[in-house]
Amino acid sequence: MHDISSIGGMYQNWFLDYASYVILERAVPAIEDGLKPVQRRIMHAMKEMDDGRFNKVANVIGQTMQYHPHGDASIGDAIVNLGQKELLIETQGNWGDVRTGDGAAAPRYIEARLSKFALDVVFNPDTTEWQASYDGRKREPVTLPVKFPLLLAQGIEGIAVGLSTKIMPHNFRELCKASVDVLKGRDIVLYPDFPTGGLCDITNYNGGLRGSKLRLRATIEKVDKTMLIIRDVPYGTTTTGVMESIVKASEANKIKIKKVVDNTAAHVEIQVHLPAGVSPDLTMDALYAFTDCEISLSPNTCVIIEDKPRFVSVEDMLRLSTHKTVRLLERELEIRQDELQEKWHAASLEKIFIENRIYRKIEECETWEDILQTIDAGLKKYVRIEGEKEKANDTRIVLRRAISEDDLTRLTEIRIKRISKFDGFKADEYIQKLEVELAEVADNLANLTRYAIRYFEGLLKKYGDGRERKTELRTFDVVTAQKVAVANQKLYVNRQDGFVGYGLKKDEAVELICDCSDLDDIIAIKRDGTFVVTKIAEKTFVGKDILHVGIYNKNDDRLVYNMIYQDGPSGISYAKRFLVTGITRDKSYDLTKGGKGSKVLYLTANPNSESEIVSVQLSDKAPARVKQFDFDFAELAIKGKGSMGNIVTKQPLKKITQKSKGDSTLGGREVFFDEVVGRLNTGGHGRFLGTFDTDETVLAVYKDGSYELTLPDPAIHFDLRNMVLLRKFEPDTVINTVYIEGESKLHYIKRFRIETSTVGKRFLFIPETKGTQLVCATCGVVPEIEVKVQKEKKGEKLTERIHLHEFIDVKGWKAMGNKLNYFKVLSVELLTDEGPEPERKQQVKKKGPATIPRPAAPVPVAEAEELPEDLGPVEISAEEVERAQALLQRKPKSQMTLF
């Protein structure tokens, strides 16, 4: 037992030692310089080798192995990783490509040297703390005195024992500006910037702390209806990996593509060719949902602070780094101040020694001590030490410290040639120059924050060019797999036997319903009035005597069922209109009153809440005198699936047939445009575009001088960067534009109406000559622009306002337009917006009594208690209608101008 206890204790100590070693010496970077030990040793080795020329990476690896007690492979990988970040190391040769995943060439073929940035920012032997290397033969830095938030600029990833770190790279320019803001006492917020570009959703970034999350997307360009182009890849993926994921999704029938072609060279270009009839917008969403075109990253900002791993936010890390930089700058100033003071001290003693010919007095001295004493006595006649009592009419030079024996020895070493050529005027200039620099250093020490701000601004100016942000920060809409899944299956039903699915045997009893995907839910309504929603499968039993089968979308609030059923116990027939919401999958629900013998007599599913008129024929045995009449579903309010409905007749029925199809009783669909995600929606997010009926479209005008009519489909992507305006299209809409003609460089004004009706196709309304560009466009009722012109070369500059509707009449969409001005146009500014925002009106049914639609959010009990669900339409007065409209009307958001 004693031996087992001893071994257990030893194991515990060894494991803790190993874990500490991996955390501190291999995986996690230090806050002081933002480097792992291997990276720090590489930088130190390259500094020792630095002579301004490139060195073979193989030689750098060999030099680094004097400090790093590990194999050459790990050192080589770390050098390549540093070189690919293009900040500390200048590279030459094939260093691979992080976008394509291509590896670097062998170390003997590639070369490297320290960048000018690294030489300026990373090294200073005077402020470096040193330690012995692992074999005790050399010294290496404990940490390098880096005067920049290097860790945040490069990013890093490491896995230790029991913890890991994953810090995202950030933009160089933004880090410099943020450090300045920290020194000025301002709040800061940092977001990642990846070298591969792309799109990034930082909604849940939370400073990179544990539990944070990033969503990264590739930029996908819609070229036409048959091709998409991927312009970059998410950070951490490669073009090869993205292509493989696309092919894999295609083979699994999750997306439909014809082929994928990789044309990546200087820039990423992956062409995705689509077969005819496949929507590019839905395919774009499917690429995000099923491939590596969208990935998620979980940052975990862990660094070593005071020899312990700490979890901090990137903002706190920047503050720590900035204050550390200030301390390093202060230390460098103090060292420089000491150096200047020593130079001034030596120059002053030398001037006195030579000008007063003190060197002649040592000719008669016989011993070294006599020489030093003679020089010291000669100097004291002309100098006094700072703090020493001043005599009357004292003209002696004040020294900042006492004269040492080293000072006297240095004077004896002055050569005769230097004494003979001594120029007192130049000596005074040199001393004065030292005094000016000393004053500047003292001022910087007294105003250290100002000096540090100038330092970061200097870094931004010197090294910031070409380091603009590559990653675009966006908020993504959530792409669910069910919405974008390709219809790769066919839904069949065997009504008699009660089976549904995509794997039913094709026989006479099997009926094809529609195309579907293997991710869809289906709804099955039986003749007894019960229904169930279930996940689609090859073959599922839902119950015999199936009346209706379809695809179920829980978010569809427009699909309305019109139904007439007969209650079994009473024989009374009821009519109801209902939505199917709030269901539990595979649970059976009853649409009737639930009595035994109840059955559905008539049922239709209406995608846009269409009403209908049916002809009801009573049984021949019915005692009623009139045995046939019409029933209008438009008179019923749309309620929940559990509502009882309104009585149609108490007499037995013979049959019910549809007489005519009606309009949507919910009116047009309210459509909004979310400028953040570039999508249309019906959920009230963003700018209200208007109420759209089935055949109405959206007008989009683009910066390339084209317009397009599209359906108000939430699946369509709108490119905000290239869009000028977006609004509901009205037949009398007039587009007012100003453009520059490419050949003449003249400005033209053009006003036209849309004369085309093709949906989904762009039409160019400005000339196709090279260099022609759209300046502005508006559909405002009273369009106005401000024009600045110059009469002659270096002549008078004038500003005038022009009402476009007075300047030119409405012409055809292919017309050239009128010239704006014969003078040189300096600028054109649009003064009008898109006019008044569309008014949102509460929809009230045209036929039957006024009914109050159920609001999206619950109304207070005082207003809702008089509206029971199962009593049919409620007869209300006009005043009550106005009151309900005011209660339910949501105030539209202010319109945003896109141009």
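Computed from a prediction, not measured in an experiment: that's the story for all the values here.

Procedures and definitions
Residues numbered from 1 in each chain as written. Predicted model: local features only at pLDDT ≥ 70, side-chain atom pairs only at ≥ 80, totals over all residues. Heavy atoms only, no water. Buried < 20%, exposed > 50% of the residue type's maximum accessible area, 1.4 Å probe, protein only. Helix = DSSP H or I, 4+ residues; strand = E, 2+ residues; numbered from the N terminus. Patch = residues over 30% accessible without salt bridge, like charges linked within 9 Å, V, L, I, M, F, W, Y side chains within 5 Å. Areas by Shrake-Rupley, 256 points an atom, 1.4 Å probe, with all protein chains shown as cover. Salt bridge = Lys/Arg side-chain N within 4 Å of Asp/Glu carboxyl O. Lys, Arg positive; Asp, Glu negative; His and termini not counted. Charge placed at Lys NZ, Arg CZ, Asp CG, Glu CD. Polar contact = N/O pair within 3.5 Å; in protein donor to acceptor, adjacent residues only side chain to side chain. Contact = heavy atoms within 4.5 Å. Pairing = 2+ DSSP bridges. Axes fitted to C-alpha atoms, helices over the stretch in contact; angles between N-to-C directions. Core = buried A, V, L, I, M, F, W, Y, C linked by side-chain atoms within 4.5 Å. Parallel < 35°, antiparallel > 145°, perpendicular 65-115°, else oblique. Left-handed = near helix turned anticlockwise from the far one by under 90°. pLDDT = per-residue confidence, 0-100. Phe/Tyr/Trp six-rings, centres within 6.5 Å; stacked < 30°, edge-to-face > 60°. Lys NZ or Arg CZ within 6 Å of the ring centre and 35° of its normal.

### Section: helix α9 (residues 280–290)
For step 1, the next point in the chain: Taking burial as the measure, the eleven residues of α9 include nine buried ones, the bulk of the element.
For step 2, the next point in the chain: For α9, the full list of buried residues reads Pro280, Asp281, Thr283, Met284, Asp285, Ala286, Leu287, Tyr288 and Phe290.

### Points about unusual backbone geometry
For step 1, the next point in the chain: Positive phi, close to 50°, is recorded for Arg357, a residue that is not glycine.
For step 2, the next point in the chain: Looking at where Arg357 falls in the secondary structure, it is placed in the loop between α10 (314–355) and α11 (368–380).
For step 3, the next point in the chain: For Arg357, a relative accessible area of 43% corresponds to the partly exposed category.
For step 4, the next point in the chain: In this structure, Asp545 takes a positive phi of about 60° despite not being glycine.
For step 5, the next point in the chain: Within the secondary structure, Asp545 sits in the loop between β25 (540–541) and β26 (546–552).

### Comments concerning a negative patch on the surface
For step 1, the next point in the chain: There is a patch of like negative charges on the surface, built from Glu366, Glu369, Asp370, Glu405 and Asp406.
For step 2, the next point in the chain: Listing elements by their share of the negative patch, those giving two or more residues are α11 and α12 (405–412).
For step 3, the next point in the chain: On the secondary structure map, Glu366 appears in the loop between α10 and α11.

### Thoughts on the side chain of Ser348
For step 1, the next point in the chain: Looking at the secondary structure, you find Ser348 in helix α10.
For step 2, the next point in the chain: In terms of polar contacts, Ser348 uses its side chain to reach the backbone carbonyl oxygen of Trp344, at 2.8 Å.
For step 3, the next point in the chain: The residues touching Ser348, leaving out its near neighbours within four places in the chain, are Leu399 and Ile431.

### Comments concerning the pairing of strand β40 (residues 706–710)
For step 1, the next point in the chain: Burial runs high along β40: five of the five residues are buried.
For step 2, the next point in the chain: In this antiparallel pair of consecutive strands, strand β39 (residues 698–702) and β40, the connection spans three residues, and Gly705 shows a positive phi of 85°.
For step 3, the next point in the chain: By the bridge criterion, three bridges tie β40 to strand β44 (residues 762–764) in an arrangement that is antiparallel. Bridge assignment links Ser706 to a residue of β44, and that residue is Leu764.

### Describing the sheet that holds strand β2 (residues 89–92)
Neighbouring strands of a sheet are bound in pairs by backbone hydrogen bonds; such pairs are parallel or else antiparallel.
For step 1, the next point in the chain: Strand order in the open sheet made by the three strands is β1-β3-β2, with antiparallel pairing throughout. With partners counted over all chains shown, the strands left at the sheet margins are β1 (55–56) and β2, one partner each.
For step 2, the next point in the chain: Pairing geometry for β2 and strand β3 (residues 111–114), over four bridges, is antiparallel. Residue pairing for β3: Glu90 is matched across the bridge by Arg113.
For step 3, the next point in the chain: Relative to β3, helix α2 (residues 37–49) is tilted by about 85°, and along the sheet it contacts β1, β2 and β3.

### Brief notes about the nonpolar core
For step 1, the next point in the chain: Judged by nonpolar contacts, the single largest core of 96 residues is most densely connected at Met43, Leu88, Phe117, Phe148, Leu214, Leu379 and Leu459.
For step 2, the next point in the chain: In terms of residues, this core owes the most to one element, α10, which gives 13 residues.
For step 3, the next point in the chain: With residues near it in sequence (within four places) discarded, Met43 still touches Leu35, Leu82, Leu88, Leu114, Ala118, Phe123 and Leu144.
For step 4, the next point in the chain: Grouped together as the second largest cluster of nonpolar side chains are 22 residues, Val272, Ala286, Phe290 and Cys293 included.

### A short note on the packing of α2 against helix α3 (residues 57–64)
For step 1, the next point in the chain: Taken N-terminus to C-terminus, the directions of α2 and α3 make an angle of 110°; their axes are 9 Å apart at the nearest point. Taken as axis vectors, α2 and α3 run roughly perpendicular relative to one another. You can see that α2 and α3 cross each other, and the crossing is right-handed. Contacts from Arg41, Ile42, Ala45, Met46, Glu48 and Met49 in α2 reach Asn59, Val60, Gln63 and Thr64 in α3.

### Focus: the pattern of salt bridges
For step 1, the next point in the chain: Under the defined criterion, the tally for this structure stands at 41 salt bridges.
For step 2, the next point in the chain: Linking Glu339 and Arg336 is a salt bridge whose minimum nitrogen-to-oxygen distance equals 3.4 Å. In this pair, Glu339 and Arg336 both sit in helix α10, three residues apart, roughly one turn of the helix.
For step 3, the next point in the chain: Here Glu339 falls in the partly exposed class, since its relative accessible area comes to 34%.
For step 4, the next point in the chain: The class for Arg336 is partly exposed, based on a relative accessible area of 26%.
For step 5, the next point in the chain: A cluster of three or more residues bridged by salt bridges with shared partners is formed by Asp201, Arg215, Arg217 and Glu294.

### What to know about the confidence of the model for the chain
Detail in the predicted coordinates should be disregarded across regions flagged by low pLDDT.
For step 1, the next point in the chain: When pLDDT is averaged across the chain, the result is 83; 87% of the residues are at 70 or more.
For step 2, the next point in the chain: Predicted confidence in the chain is weakest over helix α18 (residues 861–864), with a mean pLDDT of 32, and strongest over β3, with 95.
For step 3, the next point in the chain: Below a pLDDT of 50 lies the segment residues 842–877, which in the model reaches 60 contacts outside its immediate sequence neighbourhood of four places, other chains included.
For step 4, the next point in the chain: Confidence drops under pLDDT 50 across residues 883–899; counting only partners more than four residues distant or on other chains, this segment forms 43 contacts.

### Observations regarding the packing of aromatic side chains
In this description, an aromatic ring pair is defined by two values, namely the gap between the centres and the angle between the planes.
For step 1, the next point in the chain: With the rule as written, the count across this model stands at 23 aromatic pairs.
For step 2, the next point in the chain: Seen in terms of ring centroids, Phe117 and Phe148 are 5.3 Å apart; in terms of plane orientation they differ by 90°. Their pairing is edge-to-face. Of the two residues, Phe117 is situated in helix α5 (residues 116–121) and Phe148 in the loop between β5 (139–143) and α6 (150–154); the sequence distance between them amounts to 31 residues. Each member of the pair Phe117 and Phe148 is classed as buried.
For step 3, the next point in the chain: Taken together, a centroid distance of 6.3 Å and an interplanar angle of 25° make the contact between Tyr602 and Phe633 stacked. Of this pair, Tyr602 sits in strand β30 (residues 599–606) while Phe633 sits in the loop between β32 (628–632) and β33 (638–640); the two residues are 31 residues apart in sequence, bridging distant segments of the chain. The burial state of Tyr602 is the same as that of Phe633; both residues are buried.
For step 4, the next point in the chain: Sitting over the ring of Phe311, Arg210 keeps its end group 3.8 Å from the ring centre.
For step 5, the next point in the chain: The ring centre of Phe578 lies 5.0 Å from the NZ or CZ of Lys576, which sits over that ring.

### Let's talk about the environment of Asn124
For step 1, the next point in the chain: Within the secondary structure, Asn124 is located in the loop between α5 and β4 (129–132).
For step 2, the next point in the chain: Asn124 sits 208 residues away from Glu332 along the chain, and the two C-alpha atoms are 8.7 Å apart.
For step 3, the next point in the chain: With sequence-adjacent residues up to four places away left out, Asn124 is seen in contact with Pro145 and Glu332.

### Some remarks on the environment of Tyr492
For step 1, the next point in the chain: Mapped onto the elements of the fold, Tyr492 is located in strand β20 (residues 489–494).
For step 2, the next point in the chain: As a C-alpha pair, Tyr492 and Leu512 span 20 residues in sequence and 4.5 Å in three-dimensional space.
For step 3, the next point in the chain: The contacts of Tyr492, once residues within four sequence positions are left out, are Phe499, Val500, Gly501, Tyr502, Leu504, Lys506, Val510, Glu511 and Leu512.

### Remarks on the pairing of β4
For step 1, the next point in the chain: Note that β4 and β5 share four bridges and pair antiparallel. When the bridges of β5 are listed, Ala132 appears paired with Arg139.
For step 2, the next point in the chain: Following β4, the chain reverses through six residues before pairing antiparallel with β5; Gly136 in that reversal takes a positive phi of roughly 75°.

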